[in-house]
Every structure is written in C-alpha cells, then in structure tokens.
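# Results of the structural survey
Okay, here's what each chain looks like letter by letter:
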Amino acid sequence: MSANPLIIPILEILKSSTSKIGEYDLICKLEEQGMEYPVTGDSYNVSVFKKHFMTMNALYHLQQDLFGEGYYLSISALDINIRPLTQSSSISTLIDDAEQKVRDYYLNWQHFENTTEAEVKALLDQFWNQYYAVDKQLDALTVLGLNENAHWHEIKSSYRRLAADHHPDKGGDSALFIEVREAYEILKCCKYNN
C-alpha cells in the first residue's frame, strides 16, 4: 500500500475530538464516516488485525508529521491525543526504545501484507497471556515476598531460594512449591525479565 487513506480522516477526528479517544472509538468513528478497510476475504481475526494495523500505521505517520510541526501525538490504546511540544522536547525524550520498536513495526507495510492467520493467533495469545499475567503480578510478587518495585534479579533470587525451601524432594510442601513456581512464571511473562 503506497499511502494510508486513514491519515486525513484520523487527523480530522483527533482535531475535532473534545474528550479522550481510544483506538476502538477511533475505528468506530471512521466506520461511521463510511471508511472501508481493505480486509474482505480475510478471516475475522486477520480482518481485525488489519484494521488495527492500518489505524496504528496512520497514527504513527501522523506522529512523525506532527512532530515536525511542533506537536506530539501521544498514542495508547485508550488515549490518543495531540499536544504542543515544549522547548526541551525531542523525539528521543518522548519515545523510548520499546515504543520505537512498536513504531517500526507499524510503519512497515510488510506486516500488514504478510501476516498470516497463525501469526495473528500467536499475537493474540501473547497479548492475552501478558494481560492475565499483569493482572496477577502483584499477587505473584507477594508470594515471592517482594514489593512492586522489585527488579528481575531479585525475583530470580527469591524464586530460587523459595523453590529450594519448598521443593518436595527436599521435604518441602508441594502445594507451596507449585505456588512459588506459578508466581515466577507469571512474572516471567511480564516485562520484569526484560
């Protein structure tokens, strides 16, 4: 695809929006305006992925363009907004390495054109695994005797110590061992191990 047809309609929606707008609301507004996504013939999951991809691609192109005009387009699933840049703002202070990887992904049309049903399923599985893991991470930290500011090396250390203490082969409680192992796996799925 040469140019994303969503760029101008998205900019118009964002400029006229008086309240927070998320990605889902943005897609709904585009569809209300008669915008059609080129996703015919795809499975439901691939169609949803392509709508999401096109929307994010347009947003990241806008972010790049608006930055050159003195504005920053903040992009998150639940809050997309344009705000003026401050004198000390630079793209590197606003966008960290993780967000840069996301930007690079959505600015590459090969992902739109070549992502298969199996890859979409894998992305969805990864999302839901992380979603459930984040939901449970505070409980997992408590099981390991740590607070929410714990670093990955502290998590590994606490896990190793508790796993050794509760290992059934060493006379420990198997239920506690399983709970400790589950807590470790939950935290491993989260960003703690990056």
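Structure's up top.
Described in the following lines is the structure provided in the data block. What you see as residue numbers is a count from 1 along each chain, following the sequence as written. pLDDT decides what is reported in this predicted model: residues at 70 or higher carry local features, side-chain atom pairs at 80 or more are listed and counted, and totals for whole chains, interfaces and linings draw on all residues regardless. As a convention, hydrogens and water are excluded, and side-chain values are obtained from all of the structure's heavy atoms.

## Quick look at the environment of Tyr-72
Cut-off, in case you're wondering: Put simply, DSSP H or I for four residues or longer makes a helix, DSSP E for two residues or longer makes a strand, and each gets a number counted from the N terminus. Note on definitions: a residue-residue contact is assigned when non-hydrogen atoms from the two residues lie within 4.5 Å.
Structurally, Tyr-72 is set in strand β1 (residues 71-74). A C-alpha to C-alpha distance of 9.5 Å links Tyr-72 and Thr-86, two positions 14 residues apart in sequence. Those residues in contact with Tyr-72 that lie beyond four places of it in its chain are Gln-63, Asn-81, Ile-82, Arg-83, Leu-85, Leu-94, Ile-95 and Glu-99.

## With respect to the pairing of strand β2 (residues 81-84)
Inclusion rule: For two strands to be treated as a pair, DSSP must find at least two bridges joining them.
Sheet topology note: the β1/β2 ladder contains 4 bridges and is antiparallel. Looking at the pairing, Tyr-71 lines up with Pro-84 of β2. In this antiparallel pair of consecutive strands, β1 and β2, the connection spans 6 residues.

## Examining the packing of helix α1 (residues 7-16) against helix α3 (residues 44-68)
Cut-off, in case you're wondering: Only C-alpha atoms enter the line fits that serve as axes; for helices the fit covers just the stretch in contact. Angles between N-to-C directions range over 0 to 180 degrees. Each angle is binned into one of four classes, with values under 35 degrees roughly parallel, values over 145 roughly antiparallel, values of 65 to 115 roughly perpendicular, and all other values oblique. Under the scheme applied, nonpolar residues are Ala, Val, Leu, Ile, Met, Phe, Trp, Tyr, Cys and Pro; charged residues are Asp, Glu, Lys and Arg; polar residues are all the others, including Gly.
The contact between α1 and α3 brings their axes to 9 Å, and the two run at 70°. With respect to their mutual orientation, α1 and α3 come out roughly perpendicular. Note on element contacts: α3 touches α1 through Thr-55, Ala-58, Leu-59, His-61, Leu-62 and Leu-66, opposite Ile-7, Ile-10, Leu-11 and Leu-14. Split into classes, the residues belonging to the contact of α1 with α3 amount to 8 nonpolar, 2 polar and no charged.

## Some remarks on the pattern of salt bridges
The following threshold applies: Here, a salt bridge means any Lys or Arg side-chain nitrogen found within 4 Å of an Asp or Glu carboxyl oxygen. Throughout this description, buried means an accessible area under 20% of the type-specific maximum (1.4 Å probe, protein chains only), exposed means over 50%, and partly exposed covers the range between.
If you walk through the whole model with that rule in mind, you get 4 salt bridges. The partner of Asp-125 in a salt bridge is Lys-121, and the shortest N-O contact between them spans 2.9 Å. Taken as a pair, Asp-125 and Lys-121 lie in helix α7 (residues 117-143) at a separation of 4 residues, close to a single helical turn. When its relative accessible area of 35% is taken as the criterion, Asp-125 is described as partly exposed. Salt-bridge contacts for Glu-185 lead to Lys-188; the nearest nitrogen and oxygen are separated by 3.8 Å.

## So, the packing of aromatic side chains
The line we're drawing: Geometry of aromatic contacts follows a simple scheme: Phe, Tyr and Trp rings, the Trp one being its six-membered ring, pair when their centres are within 6.5 Å, and the pair is stacked under 30 degrees between planes, edge-to-face over 60, tilted otherwise.
On inspection of all chains with the given rule, the structure shows 10 aromatic pairs. Relative to Phe-112, the ring of Phe-53 lies with its centre 5.8 Å away and its plane at 40°, an arrangement referred to as tilted. Of this pair, Phe-53 sits in helix α3 while Phe-112 sits in helix α6 (residues 109-114), and the two are 59 residues apart along the sequence. Assessed through its relative accessible area of 0%, Phe-53 is described here as buried. With a centroid separation of 5.2 Å and an interplanar angle of 90°, the aromatic rings of Trp-109 and Phe-112 are classed as edge-to-face.

## Observations concerning helix α2 (residues 23-32)
The following threshold applies: Here, the arc refers to the directions that run from the helix axis to the C-beta atoms.
Taken together, the buried positions of α2 are occupied by Glu-23, Leu-26, Ile-27 and Leu-30. Projection of α2 onto a plane perpendicular to its axis shows the buried side chains occupying an angular sector of 100°, all on one side. Facing away from the buried side of α2 by over 90 degrees, the exposed positions are Tyr-24 and Glu-32. Contacts from the buried residues of α2 go to α1 and α3. Positive phi shows up at Gly-34, right after α2, with a value of about 90°.

## What to know about a nonpolar patch on the surface
The line we're drawing: The residues that make up patches have over 30% relative accessible area and no salt bridge, and they are joined within 9 Å when like-charged or within 5 Å when they are Val, Leu, Ile, Met, Phe, Trp or Tyr. For every accessible area listed, the method is Shrake-Rupley and the probe measures 1.4 Å; residues are considered covered only by the protein chains on display.
On the surface, a nonpolar cluster with roughly 530 Å² of combined accessible area is contributed by Leu-124, Phe-127, Trp-128, Tyr-131 and Tyr-132. Assignment of secondary structure puts Tyr-131 in helix α7. Overall, the relative accessible area of 45% leaves Tyr-131 in the partly exposed class.

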